[in-house]
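Chains, contacts and geometry: an overview
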Amino acid sequence: LLLLQVLVSCFWLGRSEVATSFESSCPQFFFRETPPNEALEPENPAWICQRYKNQYYFATLYDRNRRIPVYSAYLYQPQPSRRPKTWLVEPQLMGPTYPKSMERERTLLTNFNVSLEQLSESQAILQDYKNLTGLNRGHLNPSSHHPDFSSGTATFTLTNIVPQYEKLNGGAWKNYEQQTMIRMTQGCNTTYAVVGAVPGNNYIAKGRVNKPSHIWSSACCEVDTSHRKAWAVIAENDKNEVHLLTLGELEDRLTQLYRRDQVFLFDSDCPRE
């Protein structure tokens, strides 16, 4: 009986997701409320409806084993706002009894009797991203794509970042986020973005956090009720180059990289050509 109790508690600690699916909990961040298909799902996933101060701001599929996000999905609503200085973590990845909103590491350690070791078992922590050489904390969902300070702050969770090549993050990728997106979204009423990372063969933090081989971004915009347009980019995570693609080209490229089923990032009403 004792062994059974231990096994049950381990199951809940290992599998307790912030959500069981995006469709049931935060579908509003996906075009036609349709998340990417299962072809990108990792072995040990967590579906996170990213919540800050009791409000949902975006959605992240998180890879618990590699401690990086697979993708983050959000609505593109850029407005000038000051950049936060605080980094947050996701308490619920430790288990269902912890807070549902993202918190600072320090808050969890002091107010919730959580050890750093306990927190680090479920996700990346600040220590993992210290003393990086040639890499920095690369947002999938960037704060600059959000309309105010609270929504921008919500992107500063360690479940939304990957080890990204420093020159790419501050160079061609930044140009895509801040210039190309503005140009491509001209005439769009609503733009849905899904930005992801392909797991690589290398790790940082003594094997704890995966360094992706590629970073990619995709968007589907509604021009009006009957017209939509879509686009995508991909970058190798050791070069300062971003390649503009059609949505269909990116889905095919991801299918090749993952070597699994055909990848579909958006509902079929988003144009692939």
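What counts, and at which threshold
Residues numbered from 1 in each chain as written. Predicted model: local features only at pLDDT ≥ 70, side-chain atom pairs only at ≥ 80, totals over all residues. Heavy atoms only, no water. UniProt positions renumbered as here; feature names shortened; annotations may be inferred. Helix = DSSP H or I, 4+ residues; strand = E, 2+ residues; numbered from the N terminus. Buried < 20%, exposed > 50% of the residue type's maximum accessible area, 1.4 Å probe, protein only. Disulfide = S-S within 2.5 Å. Pairing = 2+ DSSP bridges. Axes fitted to C-alpha atoms, helices over the stretch in contact; angles between N-to-C directions. Contact = heavy atoms within 4.5 Å.

Comments concerning the UniProt feature "domain: ENPP1-3/EXOG-like endonuclease/phosphodiesterase" (unreviewed entry) in the protein chain
As annotated in UniProt, the feature "domain: ENPP1-3/EXOG-like endonuclease/phosphodiesterase" (unreviewed entry) corresponds to residues 55-265 in the numbering used here. Overall, residues 55-265 shows 24% helix and 31% strand. The separation of its end C-alpha atoms is 25 Å.

A word on unusual backbone geometry
In this structure, N54 is a non-glycine residue whose phi angle is positive, near 65 degrees. Tracing the backbone through its elements, the reader meets N54 in the loop between β1 (45-52) and β2 (55-63). Classification of N54 by relative accessible area gives exposed; the value is 62%. The backbone phi angle of A205 is positive, close to 55 degrees, even though this residue is not glycine. Positionally, A205 belongs in the loop between β7 (202-204) and β8 (209-211). A205 gets classed as partly exposed once you look at its relative accessible area, which sits at 23%.

Some details on the state of the cysteines
Applying the stated criterion to the full structure yields 3 disulfides. The residue that forms a disulfide with C188 is C221, at a sulfur-sulfur distance of 2.1 Å. In this structure, the disulfide formed by C188 and C221 twists by about -75 degrees around the S-S bond and is classed as left-handed. One end of the pair, C188, is in the loop between α7 (172-184) and β6 (190-198); the other, C221, is in strand β9 (residues 214-224), with 33 residues separating them in the sequence. For C221, a relative accessible area of 0% translates into the label buried. Between C220 and C270 runs a disulfide, and the two sulfur atoms are separated by 1.9 Å. Measuring the twist about the S-S bond at about -100 degrees, one finds the C220-C270 disulfide to be left-handed. Here C220 is found in strand β9, whereas its partner C270 is found in the segment after α8 (247-258), with 50 residues between them in sequence. Under the relative-accessibility criterion, C220 is labelled buried at 0%. For C270, a relative accessible area of 1% corresponds to the buried category. Sequence-ordered numbering of the bonded cysteines in the protein chain gives a disulfide pattern of 1-2, 3-5, 4-6.

Here we look at the sheet that holds β9
Pairing in this open sheet of 7 strands is antiparallel, and the strands run β1-β2-β3-β6-β9-β10-β11 from one edge to the other. Of all strands in the sheet, those with a lone pairing partner are β1 and β11 (243-245), marking the two edges. Pairwise comparison of adjacent strand axes, ignoring direction, gives a mean angle of 20 degrees for this sheet. Alignment of β9 against strand β10 (residues 227-236), held across 10 bridges, turns out to be antiparallel. Across the sheet, the residue bridging to S218 is A232, located in β10. Packed on one face of the sheet, α7 meets β6, β9 and β10 and runs near 165 degrees to β10.

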